[in-house]
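Residue-level structure breakdown
Listed here are the chains, written in short residue letters.
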Amino acid sequence: MPENKEKFYLTTPIYYTNGLPHIGHTYTTIVADVIRRYKRMRGYDVVMTTGTDEHGVNVERAAKKAGVPESEFVAKMADAWRALWDELGLTADEFVRTTDLQHVRTVQWLFKLCRENGYVYKGHYTGLYCVYDNAFVTEPKPGNLCPDCDRPLETVTEENYFFKLSAFQKPLLDFYRKNPEFIQPETRKNEIISFVEGGLKDLSITRTTIRWGIPVPGEEPHVFYVWFDALSAYLSAVGGPEWEKRGYWPADLHLVGKDIIRFHTVYWPAFLMAAMLPVPKQVWAHGWFLMDAAKMSKSKGNVVLPRPIVNMLGMDALRYFLLREVVFGQDGNFSYDALVTRYNSDLANGLGNLASRTAALIEKNFAGKIPRPGKFQQQDDALAKEAQNAIGEVLEGYDKLSFARTLETIWAVIAVADKYLTSEQPWALGASEADQERKGTILWTVAELLRIVAALAYPVLPDSASKIWLLLGQTSSLAAFEMDGLRWGQLVPGAALGKAQTLFPRVDKSEAMERIESMADEERNPIPAPPAPAAMPASPAAPSGAAAAAAPAASDKIGIEDFTKVEMRVGQIKTAERIVGADKLLKLTVDIGTEIRQICAGIAQYYDPESLIGRKVAVVVNLAPRKLRGVESNGMIVAASVGPEGRPVLTAFLEDVEVGARLK
């Protein structure tokens, strides 16, 4: 990276390896990825860290239950976490494991500094301990149950090393006062200040009853307790004892769930102060996604998994929903119904429809090249002003981590553009020079707005925004685009449109929800593969390949997620005419409910154009546009193929159906 770039370091929590990521872990990691992409577009040299916390009694027990050594158990879990993040496009710059040698060195070095500075001493501790949350509990529920997970607590007495947390009450309160942005949001800051003002007790930071952990040098059988161990991973990821050489510490931002904010805003800064090391600049605690008003929990069986959603709707849809649905920092309810509703309304009918309509109109009227605008009218300037104002509001929103407000601003501009296009109706203009110039102005204006929307939405919708960027003839990488240079009027006329791609095919809500839940059930309860049959000698009477031919190949089958990508609607033919020089083709205009499409159909030998006017047909509406004999076709009419000659027979409806109704 160039030396003049300002560095920015952010982290997710170091996730505990007691299960695979659910939507809560995914939410935090998506937020980190959005911030990383945004900061890079603003010119920062960014490092994002995530990782796995692999020590503690819980891991010991899980490995024993699995019948494998702890090292093998955590290696498999870490690989699974890393693989899922890669699959979801959330690959971090640094993936730290608490079993890494560099991390072990960092923890032992940090302990040495705290001890040398007089903040560590040896003592004994007896208390109720939750092995599932890796924490002693001072206020259990009736029946000695953990207040967080409702599981039974265990009484533990052991020799420990203690950290003098009590010595940091005043230093921490002074630090909070001098750094008012350190704890966010404000409600969490007030909670932490109240907690610290109530007095701090010294903290046990080693264990002797646990075998699986980082050893305290020369003090065996002491191993480090989870929080002194896991929190240090943020530092070990960027150099540990050599942090000054890499230059990323202190962290600019720790992203955490609200349930672990105390560890990050009380214990962690105190450890660093004791070691005389720089303290992170900010800790942001987000809320939980709730199912039926309860926190998601593996034990409660209400965990939402990310992979089925992504397989059905795409990763950008999940990113958009999680960030748009809830104000960052607050709790929010998760439901598949809300997810699919917002997908169809905001993504399919909103951004996706605007992009496809604009590209199709440019393809039809300007040979697939960005038109040159003519004289701008008042309504054109008004749209330009909306887009220009949105740039500043969106950048401010990203800076404040106000993701829901940021996306609301972007989608307000999309709605204005959609209204503008519907009002101006470029498709209704004629072929005169004045009308052609007006068409060019309208379509350039909408295309320029889409270019700005793509740049602003990229941190949240990296895949879809990049497709829109390329569709508009942009040849540079959107990921490398400098957001500070974004302004209205930069779209160059004459650039050829890129390849049209369906961004967000509309889905049937009930079918999509059913399929997501089905895939989630399969992932939670995988069906074990049947044992391989014993090898049988080949029958000399059977011809080679006969067995394979007896059954269709697995590749002949498609999943429901493939089928639901095809969107078919009832259309009504408005006009029909033959295409000169093409004996088999008719050029049709078809009303599909939301717009009138031009579609070419190979039925000219069997249907007279006049007989088709007013007929209702089934139309595939989410095919990419293509040209047949030089005529653009934006969809496909569905027909049966009858007889040896493959005579087309159009679909018919026995009952009267509404134009635009979906076939399923």
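Residues numbered from 1 in each chain as written. Predicted model: local features only at pLDDT ≥ 70, side-chain atom pairs only at ≥ 80, totals over all residues. Heavy atoms only, no water.

Counting its secondary structure elements, the protein chain contains 21 helices and 25 strands. Along the first, second and third principal axes, the C-alpha set of the protein chain runs to 95 × 80 × 45 Å. Burial statistics for the protein chain: of 664 residues in total, 52% are counted as buried. Counting only contacts in the protein chain whose residues sit at least 6 apart along the sequence, the fraction spanning at least 24 positions is 75%. Carbon and sulfur atoms make up 52% of the accessible area of the protein chain, which totals about 30900 Å². Taking the average place of the 75 positive charges on the side chains of the protein chain and the average place of its 81 negative ones, the gap between the two points comes to 2 Å. (Helix = DSSP H or I, 4+ residues; strand = E, 2+ residues; numbered from the N terminus. Buried < 20%, exposed > 50% of the residue type's maximum accessible area, 1.4 Å probe, protein only. Contact = heavy atoms within 4.5 Å. Areas by Shrake-Rupley, 256 points an atom, 1.4 Å probe, with all protein chains shown as cover. Lys, Arg positive; Asp, Glu negative; His and termini not counted. Charge placed at Lys NZ, Arg CZ, Asp CG, Glu CD.)

Take the environment of Leu461 next. Summarising the element assignment, Leu461 is placed in the loop between helix 16 (433-457) and helix 17 (462-471). When the C-alpha atoms of Leu461 and Ala624 are compared, they prove to be 21 Å apart, with 163 residues separating the residues in sequence. Apart from residues lying up to four places away in sequence, Leu461 is in contact with Asp316, Tyr320, Leu347, Leu351, Trp411 and Ser466.

Glancing now at empty space enclosed by the protein. Using the criterion set out here, one finds three cavities of 30 Å³ or more in the structure. If you add up the space inside the largest cavity, you get close to 70 Å³. For the largest cavity, the lining is made up of twelve residues, of which Gly56, Ile210, Phe224, Tyr225 and Val226 are closest to its centre. By residue class, the composition of the lining of the largest cavity is seven nonpolar, four polar and one charged. (1 Å grid on protein atoms, 1.4 Å probe; cavity = no way out; pocket = protein on both sides within 12 Å on 5 of 7 lines; lining within 4 Å. Points joined across faces, edges and corners; volume = space filled by probe spheres on them. Nonpolar A, V, L, I, M, F, W, Y, C, P; charged D, E, K, R; others polar.)

So, on to the side chain of His103. One can find His103 in helix 4 (residues 101-116). If we ignore the near neighbours within four places in the chain, the residues touching His103 are Arg97, Thr98, Ile214, Asp229, Ser232, Ala233 and Ser236.

The computed volume of the second largest pocket comes to approximately 640 Å³. Ala348, Asn353, Ser356, Arg597 and Val621 are, among the 30 residues lining the second largest pocket, the residues nearest its centre. Residue classes in the lining of the second largest pocket are distributed as 14 nonpolar, ten polar and six charged.

With that out of the way, let us pick up the side chain of His286. For His286, the location among the structural elements is in strand 12 (residues 283-286). Sequence-distant contacts of His286, that is, excluding residues within four places in its chain, are made with Tyr27, Thr28, Val256, Gly257, Lys258, Phe328 and Gly329.

Glancing now at the environment of Arg342. Tracing the sequence through the fold places Arg342 in helix 13 (residues 336-366). Using a relative accessible area of 21% as the deciding quantity, one classes Arg342 as partly exposed. When the C-alpha atoms of Arg342 and Glu325 are compared, they prove to be 8.7 Å apart, with 17 residues separating the residues in sequence. The contact partners of Arg342, leaving out residues within four places of it in the chain, are Tyr320, Phe321, Arg324, Glu325 and Leu347. Here Glu325 takes part through its side chain, which lies 2.8 Å from a polar atom of the side chain of Arg342. (Polar contact = N/O pair within 3.5 Å; in protein donor to acceptor, adjacent residues only side chain to side chain.)

Before going further, it helps to spend a moment on helix 3 (residues 70-87). The end-to-end C-alpha distance of helix 3, which contains 18 residues, comes to 26 Å, matching closely the 26 Å that a straight helix rising 1.5 Å per residue would cover. Within the span of helix 3, buried status applies to Glu70, Phe73, Val74, Met77, Ala78, Trp81, Leu84 and Trp85. Mapping the buried residues of helix 3 onto a view down its axis gives an arc of 130°, with all of them on the same face. On its buried face, helix 3 is in contact with strand 1 (7-16), helix 1 (23-41), strand 2 (45-53), helix 2 (57-66), strand 3 (94-97) and helix 11 (306-313). (Expected span 1.5 Å × (residues − 1). Arc of directions from axis to C-beta.)

We now examine the confidence of the model for the protein chain. The predicted model of the protein chain has a mean per-residue pLDDT of 89, with 92% of residues at 70 or higher. A low-confidence stretch, residues 532-555 stays under pLDDT 50, and its non-local contacts, those more than four residues away or across chains, total one contact. (pLDDT = per-residue confidence, 0-100.)

Quick look at the sheet that holds strand 1 now. Spatial ordering of the open sheet is given by 3-2-1-11-12-7, a layout of six strands whose pairing is parallel. Looking at strand neighbours, the two that pair on one side only are strand 3 and strand 7 (183-184), the edges of this open sheet. Taken together, the four bridges between strand 11 (residues 253-257) and strand 12 define a ladder with parallel strand orientation. What sits directly across from Val256, in strand 12, is Ala285. (Pairing = 2+ DSSP bridges.)

Let's shift gears to the packing of aromatic side chains. This structure, assessed with the given rule, holds 33 aromatic pairs. Between Phe111 and Tyr161, the ring centres sit 5.5 Å apart and the planes meet at 80°, which makes this aromatic pair edge-to-face. Of this pair, Phe111 sits in helix 4 while Tyr161 sits in strand 6 (residues 154-163), and the two are 50 residues apart along the sequence. Tyr161 carries the same exposure label as Phe111, and that label is buried. Through successive ring pairs, a cluster of aromatic residues spans Tyr27, Trp284, Phe289, Phe321, Phe328, Phe334, Tyr336 and Phe403. The ring of Tyr248 carries the charged tip of Lys7 above its face, separated from the ring centre by 4.4 Å. Over the ring of Phe195 we find Arg262; its NZ or CZ atom is 3.9 Å from the centre of that ring. (Phe/Tyr/Trp six-rings, centres within 6.5 Å; stacked < 30°, edge-to-face > 60°. Lys NZ or Arg CZ within 6 Å of the ring centre and 35° of its normal.)

Here the focus is the packing of helix 12 (residues 315-325) against helix 15 (residues 403-424). Where helix 12 contacts helix 15, the two axes come as close as 7 Å, and the packing angle between them is 110°. Considered as vectors, helix 12 and helix 15 are oriented roughly perpendicular to each other. The residues of helix 15 that touch helix 12, namely those facing Tyr320, Leu323 and Arg324, are Phe403, Ala404, Leu407, Glu408 and Trp411. A breakdown of the residues in the contact of helix 12 with helix 15 according to their chemical character gives six nonpolar, no polar and two charged. (Axes fitted to C-alpha atoms, helices over the stretch in contact; angles between N-to-C directions. Parallel < 35°, antiparallel > 145°, perpendicular 65-115°, else oblique.)

Glancing now at the pattern of salt bridges. Applying the stated criterion across every chain yields a total of 43 salt bridges. Residue Arg61 is joined to Glu154 by a salt bridge in which the shortest nitrogen-to-oxygen separation is 3.1 Å. Remark: Glu154 occurs in strand 6 and Arg61 occurs in helix 2; sequence separation between them is 93 residues. The class for Glu154 is partly exposed, based on a relative accessible area of 33%. A salt bridge links Arg115 to Glu219; its shortest N-O distance comes to 3.4 Å. Highlighted residues: Arg115 in helix 4 and Glu219 in the loop between strand 9 (206-207) and strand 10 (223-224), separated in sequence by 104 residues. Salt bridges sharing common partners tie together Asp33, Arg36, Arg37, Arg40, Asp93 and Arg319. (Salt bridge = Lys/Arg side-chain N within 4 Å of Asp/Glu carboxyl O.)

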